[in-house]
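# Examining the three-dimensional arrangement
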Amino acid sequence: MYTHQILVVGGGLAGCRAAVAAADLGANVAILSRVHPVRSHSGAAQGGINGALGTADPKDSPEAHTYFTIKGSDFLADQDAVQTMCQEAPSRIIEMEHWGAPFSRMEDGRIAQRPFGGAGFPRTCFSADKTGHVLMHTLFEQCLKRQVQVYEERHILSLVVDQDPKNPAARRARGVIALHMTEGKLESYRADAVIMATGGAGRIYRKTTNAHVNTGIGMALAYWKGAPLEDMEFVQFHPTGLFGTNILISEGARAEGGYLKNKDGERFMKRYAEKFMELAPRDIVARAIATEINEGRGYPGGYVHLDLTHVGRERIEERLPGIRDLSINFAGVDPVEAPIPIQPSHHYTMGGIACDINGTTPLPGLYACGETACVSVHGANRLGGNSLLETVVFGARAGAAAAQYAKANPTEANGKIFDAETQAAEKKIRGLGQGEATEDYAAIKTEMGNTMDDQVQVFRNEKDLRRALDKIRELKGRFPGVRLRRKGLRYNLDLIHILELEAMLDLAEVITLGALARTESRGSHSRTDHPTRDDTHWLKHTLATHTPQGPKLDYKPVTITQWKPEARVY
Ligand SMILES: Cc1cc2nc3c(=O)[nH]c(=O)nc-3n(C[C@H](O)[C@H](O)[C@H](O)COP(=O)(O)OP(=O)(O)OC[C@H]3O[C@@H](n4cnc5c(N)ncnc54)[C@H](O)[C@@H]3O)c2cc1C
């Protein structure tokens with residue numbers, strides 16, 4: 001049994017920032033992570049982090065950042081939360097700079113900012129096209145400096161929830177059971193507060209820019225223990241995934257001047273967003289590309305071109321060196337000389353564990369931050385550069401809130417609940433090793449991914465969504481026929497993938513059910529059978545709660561402070 005005041009699950013930017021904040025309040029804090037923290041998906045972030053520093057344009061302000069974020073969200077974001085994020089953005093970015101993050105600079109030495117989609121001003125701070133990598137290393141160093149204990153190569157199996165001794169009617173998160181992947185042992189981690197920072201759920205789709213570890217398991221574990229998931233139907237498709245592999249080609253490429261062109265060589269964005277063109281919000285650009293492809297103006301196989309040839313070798317080498325490498329290595333195209341073939345790809349999970357601006361979830365003792373959380377600052381569509389920002393702003397807030405909660409509510413020793421959870425996990429794993437398999441987990445995963453890619457995609461409609469829901473439920477019905485091919489627990493990826501698949505099937509169900517119920521088009525959720533936004537009936541958040549029969553949907557109002565919903569013209 002390992003005991004800490006605060007246990008952060010996930011060592012990405014959100015988890016590391018939460019750990020730093022909790023440690024700064026004197027809490028004993030540990031990070032538990034499936035991969036070494038710097039290998040988290042945060043390290044793959046390319047384009048940048050938003051904050052109204054006003055270096056590239058002094059007219060920019062936190063108020064403008066707030067307004068454009070809310071408009072970008074198609075008015076589904078909670079406006080108080082967006083205000084908090086945008087107000088705190090500059091100080092969090094300067095903090096990262098002072099901790100040593102090597103941002104790209106302007107001639108005069110101040111932090112450079114590039115224009116990102118739907119932002120209204122050049123507001124995205126960056127480090128060439130390796131922003132996530134430098135921020136990740138900077139924050140991990142801060143964890144090391146504070147001697148935060150890191151348990152890496154641990155796969156979380158369950159969230160341990162107990163009665164609260166002070167209030168027996170109330171449940172409380174107490175810790176987790178995890179699998180030590182290299183040693184093959186089950187371990188108990190007891191804490192006064194647990195912070196879930198396990199990242200997004202991209203791997204539910206096949207065509208995704210996300211890393212293999214982004215299965216959304218943290219969301220599922222919280223959901224299974226009664227924490228509701230919010231707005232899961234809002235799934236972001238990035239306009240420019242590399243054709244074939246879906247590796248991300250950063251929005252930074254368009255920020256540096258890249259054009260989108262169809263097979264006729266036309267800059268088609270003029271027909272979809274006359275003013276913002278290639279730098280319209282992602283939902284609009286993704287739909288434009290999908291429309292070009294669907295209407296026969298894409299290239300055979302289904303892609304269009306991202307053309308950087310006019311940007312020039314020098315600027316590409318300075319500002320987009322990683323993009324150039326990816327394009328050469330994975331598409332055989334040097335963007336200095338030829339356009340890059342791209343298609344929309346699944347990219348980001350706007351929804352997540354419902355929580356407030358301090359990461360507090362409805363389950364006492366459980367906090368959430370980063371992509372696994374839904375605060376909600378992205379609403380129906382996230383603006384590029386706001387996610388890295390969310391990790392540092394709300395990571396810090398969740399870490400501080402959890403530390404305060406832990407101080408006020410120290411854990412009573414209760415080993416029994418951990419024994420029971422461990423036994424349940426052991427039983428589940430034993431069951432997976434017994435008898436003959438009637439199903440192959442890889443086949444189920446592929447069918448799930450294809451279903452999501454084809455039917456819960458950029459454009460949706462009732463018929464497709466119903467078919468997808470039936471298919472996911474069929475797959476859930478087949479899942480109990482899956483068995484382990486290798487029984488040992490030591491580095492058994494077969495086991496881990498099976499457990500992740502179980503989580504992903506439930507999340508796929510929540511996404512699809514929410515999308516089917518929402519009979520309007522808003523942000524990334526575009527229903528061809530309900531093509532307009534319906535504020536009268538749908539200006540509200542979806543909340544999905546787990547029941548043995550499947551997800552139960554409820555709704556809650558959107559917090560509107562001063563920005564009334566308006567038409568989104570770009
Ligand atoms: C290719 C790419 C480029 C991006 N570029 C940008 C950008 O330029 N700007 C921007 O704002 N946003 C960008 N994003 C989005 C942004 O990077 C992410 O939303 C953000 O970094 C998520 O951080 P996180 O800390 O919440 O999660 P992650 O960084 O994904 O970390 C999740 C952590 O959870 C742990 N974990 C997962 N499963 C388990 C488990 N079963 N047990 C234990 N631990 C587990 C992992 O080990 C990991 O440490 C990009 C995303 C991608 C995929």
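A brief structural summary. For clarity, every value in this text was computed on a predicted model and none was experimentally measured. Going along each chain's sequence as written, the residues are numbered from 1 onward. For this predicted model, a pLDDT threshold of at least 70 governs which residues receive local features, and a threshold of 80 or more governs which side-chain atom pairs are given and counted, while totals over whole chains, interfaces and linings are taken from all residues. The side-chain values count all of the structure's non-hydrogen atoms but skip hydrogen atoms and water molecules.

### A closer look at the site of the ligand
Here a residue is considered near a molecule or strand provided that any single heavy atom belonging to it is located within 4 Å of it. Surveying the vicinity of the ligand reveals 39 residues, the closest of which are Ser40, His41, Ser42, Glu371 and Ser387. By the criterion applied in these results, polar contacts are pairs of N or O atoms within 3.5 Å in which, for protein atoms, one can donate a hydrogen and the other can accept it, and in which residues neighboring in sequence qualify only through two side-chain atoms. Within the backbone of leucine 388, a nitrogen or oxygen atom sits 2.7 Å from an oxygen atom of the ligand. Note on areas: Shrake-Rupley, 1.4 Å probe, and residue coverage restricted to the protein chains presented here. Alone, the ligand offers 1000 Å² of accessible surface; in the complex the protein occludes 98% of this. Every helix listed is a DSSP run of H or I at least four residues long, and every strand listed is a run of E at least two residues long, numbered separately from the N terminus. Those elements that provide at least two residues to the shell around the ligand are α1 (13–24), β2 (29–33), β7 (154–164), β14 (340–349) and α10 (386–408). No other element matches the 4 residues that α10 contributes to the shell around the ligand. Here the nonpolar group is Ala, Val, Leu, Ile, Met, Phe, Trp, Tyr, Cys and Pro; Asp, Glu, Lys and Arg are the charged ones; every other residue, Gly included, is treated as polar. Across the shell around the ligand, the residue classes tally to 13 nonpolar, 22 polar and 4 charged.

### Focus: the sheet that holds strand β10 (residues 229–230)
When DSSP finds at least two bridges between two strands, those strands are taken to pair. Here 5 strands make up an open sheet; going across it, the order is β17-β15-β10-β20-β21 and the pairing mixed. The open sheet is flanked by β17 (373–374) and β21 (550–557), the only strands paired with a single partner. Judged from the 2 bridges that link them, β10 and strand β15 (residues 352–354) form a sheet pairing that is antiparallel. By the bridge assignment for β15, glutamate 230 is matched with glycine 352. Sheet strands in contact with helix α14 (residues 493–517) are β10, β20 (540–547) and β21, and its direction is about 50° off that of β21. The contact criterion used is simple: two residues touch if any of their non-hydrogen atoms lie within 4.5 Å. Every axis corresponds to a line fitted to the C-alpha atoms, with the helix fit spanning only the stretch in contact, and the corresponding angles, defined between N-to-C directions, vary from 0 to 180 degrees.

### Side note on the side chain of asparagine 492
One can find asparagine 492 in the loop between α13 (462–478) and α14. Setting aside residues no more than four positions away along its own chain, asparagine 492 makes contact with Leu484, Arg486 and Lys487.

### Some words on the pairing of strand β9 (residues 185–196)
A regular strand carries its side chains on alternate faces of the sheet. Counted residue by residue, β9 has 10 buried out of 12 residues, so it is predominantly covered. Where strand β1 (residues 2–9) and β9 come together, 7 bridges link them in parallel fashion. Following the sheet pairing, threonine 3 is matched in β9 by arginine 190. In this sheet, β9 lies alongside strand β8 (residues 167–180) in antiparallel orientation, the contact comprising 6 bridges. Paired with histidine 180 across the strands is lysine 185, a residue of β9. Connecting β8 to the antiparallel partner β9 that follows it, the hairpin turn spans 4 residues, and glycine 184 within it adopts a positive phi of roughly 70°. As judged from the 3 bridges shared by β9 and strand β16 (residues 366–368), these two strands associate in the parallel manner. The rule is simple: take the accessible area with a 1.4 Å probe, protein chains only, and divide by the maximum for that residue type; under 20% is buried, over 50% is exposed, in between is partly exposed.

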